[in-house]
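Working through the structure, step by step
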Amino acid sequence: MNTWRARLLPPALAIVFSAVLCSAVLLISGADPIATLLEMVAQVGRGTTAVDIINTAGAYYLVAIAAAIGFQMNLLNIGIEGQCRLAACVAAIVAGAVSLPFGLHAALVVVVGAVTGAAWCGIAALLKVYRGVSEVISTIMLNTLSIGLIAFLVRVFGEMRGNSQGTAIIPDSGLVPGIPLGGAGTVFGLVLLAVLVGVGYALLVDRTRYGFELRASGLSPTAARAGGVNSKRMILTAMLLSGAIAGLAGLPEILGRDHTFTVNFPTGYGFAGLAIALLGRNHPLGVAFGALLWSFLDKSSLTLDNIGVPKEIVTILQGTIVLAVVVAYELVRRRELAAEQRRVGKAVDTAEPVAASGGERA
């Protein structure tokens, strides 16, 4: 059942269903669905929207890969949001406090972000491995704790600039140069980090023994343990790896645009990552498509108010896609399973007459 049809059909069905539902909502509200879609597509070519879509998609891709690693083992890392924001905060504090040569400074910040994310997620991993605490409950609680911890860190290590409080400004040696595209904006340099993470994830899952054990543990923990896989080690390493990648997601904006961390740092990346990983079926290319789609809907929706359409229609579209893709995957799975059973049945029916004729000749 691991066919291209089984991979591509569910997301396609979910997107089509969501588009039809949102079109119905727009028609009921008196708006033109075609004009709305054309306006969203046209917005991509205006100003810096296209570059903004790429930059945001890079962050979405990182959090989605973090979620996908957990999904491979049926682990639900709800704490990606907290891991991302806390790692960005700690990395910004370290970046503003040290002075290192160009390149080495930024590398240190990236390492700090990854380590912070892994450490924060590691709390939930240890609780699950040694105390049997559900990772869903522990990561949700850690999300709440991270809000207070971030506020404390910003207050202690930050400074007031106007009406906003944030960490110290990161010196030029700690920044990552972007790719300037003139009036279209500047692509964050760390967007390339998302590409490297995607390639690494693909190689890890499909080309290594660890990736095989990861997938085997998710498909059947009992069979994996019988085959000699250490389930505790797999849970611990998968959660640490997920947290480390989540810790990288906030760095492109910190090192490429804001150069500081404030309490107004964007929220919602973590929860979007869960939806994008689900939409992409944990496949690196599928997740990339989902990240670009999600980012396109976010950025192009800003123009809808200009034509009298509430931009909240995009939230309805995104939510419907998530719900529809779950249903679509299950429907396609059952269809593929039924088709496989029919093929096996036909093969058995064909083999029986051949066996019988062979017996008669004997």
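Residues numbered from 1 in each chain as written. Predicted model: local features only at pLDDT ≥ 70, side-chain atom pairs only at ≥ 80, totals over all residues. Heavy atoms only, no water.

**Thoughts on helix H4 (residues 80–97)**
Structurally, the α-helix is built with 3.6 residues per turn, so residues lying three or four positions apart point the same way. The terminal C-alpha atoms of H4 lie 26 Å apart, and with 18 residues this matches the ideal 26 Å at 1.5 Å per residue to within 8%. Within H4, 14 of the 18 residues are buried, which leaves it mostly tucked inside the rest of the structure. (Helix = DSSP H or I, 4+ residues; strand = E, 2+ residues; numbered from the N terminus. Expected span 1.5 Å × (residues − 1). Buried < 20%, exposed > 50% of the residue type's maximum accessible area, 1.4 Å probe, protein only.)

**Focus: the side chain of Ser217**
With respect to the helices and strands, Ser217 occurs in helix H8 (residues 209–219). At 2.7 Å, the side chain of Ser217 and the backbone oxygen of Glu213 are in polar contact. In this structure, Ser217 is in contact with Met73, Ala224, Val229 and Met234, ignoring residues within four places of it in sequence. (Polar contact = N/O pair within 3.5 Å; in protein donor to acceptor, adjacent residues only side chain to side chain. Contact = heavy atoms within 4.5 Å.)

**Concerning unusual backbone geometry**
Residues other than glycine seldom take positive phi values, yet Arg281 does so here, at roughly 55 degrees. Following the sequence through the fold, Arg281 ends up in the loop between helix H12 (269–279) and helix H13 (284–300). The exposure class of Arg281 is partly exposed, given its relative accessible area of 42%. Even without glycine at this site, Asn282 takes up a positive phi of about 65 degrees. With respect to the helices, strands and loops of the structure, Asn282 is situated in the loop between H12 and H13. Asn282 gets classed as buried once you look at its relative accessible area, which sits at 17%.

**Describing the layout of surface pockets**
Reported here for the second largest pocket is a volume of approximately 330 Å³. If you trace the second largest pocket, you find 18 residues lining it, with Ala19, Cys22, Leu37, Met40 and Leu317 closest to the centre. Looking at the lining of the second largest pocket, the elements with two or more residues in it are helix H1 (4–28), helix H2 (33–43), H13 and helix H14 (312–361). Across the lining of the second largest pocket, the residue classes tally to 16 nonpolar, two polar and no charged. (1 Å grid on protein atoms, 1.4 Å probe; cavity = no way out; pocket = protein on both sides within 12 Å on 5 of 7 lines; lining within 4 Å. Points joined across faces, edges and corners; volume = space filled by probe spheres on them. Nonpolar A, V, L, I, M, F, W, Y, C, P; charged D, E, K, R; others polar.)

**What about the environment of Ala194?**
By the element assignment, Ala194 lies in helix H7 (residues 191–207). Here Ala194 falls in the buried class, since its relative accessible area comes to 4%. Ala194 sits 135 residues away from Ala59 along the chain, and the two C-alpha atoms are 7.5 Å apart. Non-local contacts of Ala194, meaning those with residues more than four positions away in its chain, are made with Gly58, Tyr61 and Leu62.

**Section: the environment of Leu248**
Its place among the elements puts Leu248 in helix H10 (residues 231–248). Its relative accessible area of 9% is what places Leu248 among the buried residues. Linking Leu248 and Gln318, residues 70 residues apart in sequence, is a C-alpha distance of 24 Å. In this structure Leu248 touches Leu62, Val110, Ala114, Leu193 and Val197, once residues within four positions along its chain are discounted.

**Topic: the pattern of salt bridges**
What the rule picks out here adds up to seven salt bridges. Across the salt bridge formed by Arg46 and Glu39, the nearest N and O atoms sit 2.7 Å from each other. Overall, the relative accessible area of 35% leaves Arg46 in the partly exposed class. Taking the relative accessible area as the measure of exposure, Glu39 reaches 15% and is therefore buried. Glu159 is the salt-bridge partner of Arg161, the closest N and O atoms lying 2.8 Å from each other. (Salt bridge = Lys/Arg side-chain N within 4 Å of Asp/Glu carboxyl O.)

**A few points about the side chain of Thr139**
You can see Thr139 is positioned in helix H6 (residues 135–157). Assessed through its relative accessible area of 1%, Thr139 is described here as buried. If near-sequence neighbours (up to four positions away) are discounted, Thr139 is found in contact with Leu76, Asn77, Ile78, Gly79, Ala124 and Met239.

**Details of the packing of H8 against H10**
Put simply, H8 and H10 touch, their axes get as near as 11 Å, and they point 105 degrees apart. Here H8 is positioned roughly perpendicular relative to H10, judged by the angle of their axes. Contact residues: Tyr210, Glu213, Leu214 and Ser217 in H8; Arg233, Met234, Thr237 and Ala238 in H10. The residue inventory of the contact of H8 with H10, partitioned by class, reads four nonpolar, two polar and two charged. (Axes fitted to C-alpha atoms, helices over the stretch in contact; angles between N-to-C directions. Parallel < 35°, antiparallel > 145°, perpendicular 65-115°, else oblique.)

**Quick notes on the state of the cysteines**
Going through the model one piece at a time under the given rule, you end up with zero disulfides. With no disulfide partner, Cys84 has as its closest neighbouring cysteine sulfur the one in Cys89, 12 Å distant. On the basis of relative accessible area, Cys84 is assigned to the buried category, the value being 1%. Residue classification places Cys89 among the buried positions, given a relative accessible area of 0%. (Disulfide = S-S within 2.5 Å.)

**Examining H10**
Over its 18 residues, H10 runs 26 Å from end to end, which matches the ideal 26 Å to within 8%, given 1.5 Å per residue. Residue Asn230 occupies the N-cap position of H10, its side-chain oxygen lying 3.2 Å from the main-chain nitrogen of Lys232.

**Quick look at the UniProt feature "transmembrane region" (unreviewed entry) in the chain**
Sequence positions flagged by UniProt for "transmembrane region" (unreviewed entry) are, in local numbering, residues 12–31, 51–71, 83–100, 106–127, 139–158, 178–205, 235–255 and 313–332. With 85% helix and 0% strand, the stretch residues 12–31 has end C-alpha atoms that lie 24 Å from each other. With 95% helix and 0% strand, the stretch residues 139–158 has end C-alpha atoms that lie 26 Å from each other. (UniProt positions renumbered as here; feature names shortened; annotations may be inferred.)

**Section: the confidence of the model for the chain**
Here the chain shows a mean pLDDT of 87. Residues at 70 or above account for 94%. Averaged pLDDT values over the elements of the chain bottom out at 74 in H14 and peak at 96 in helix H5 (residues 104–131). (pLDDT = per-residue confidence, 0-100.)

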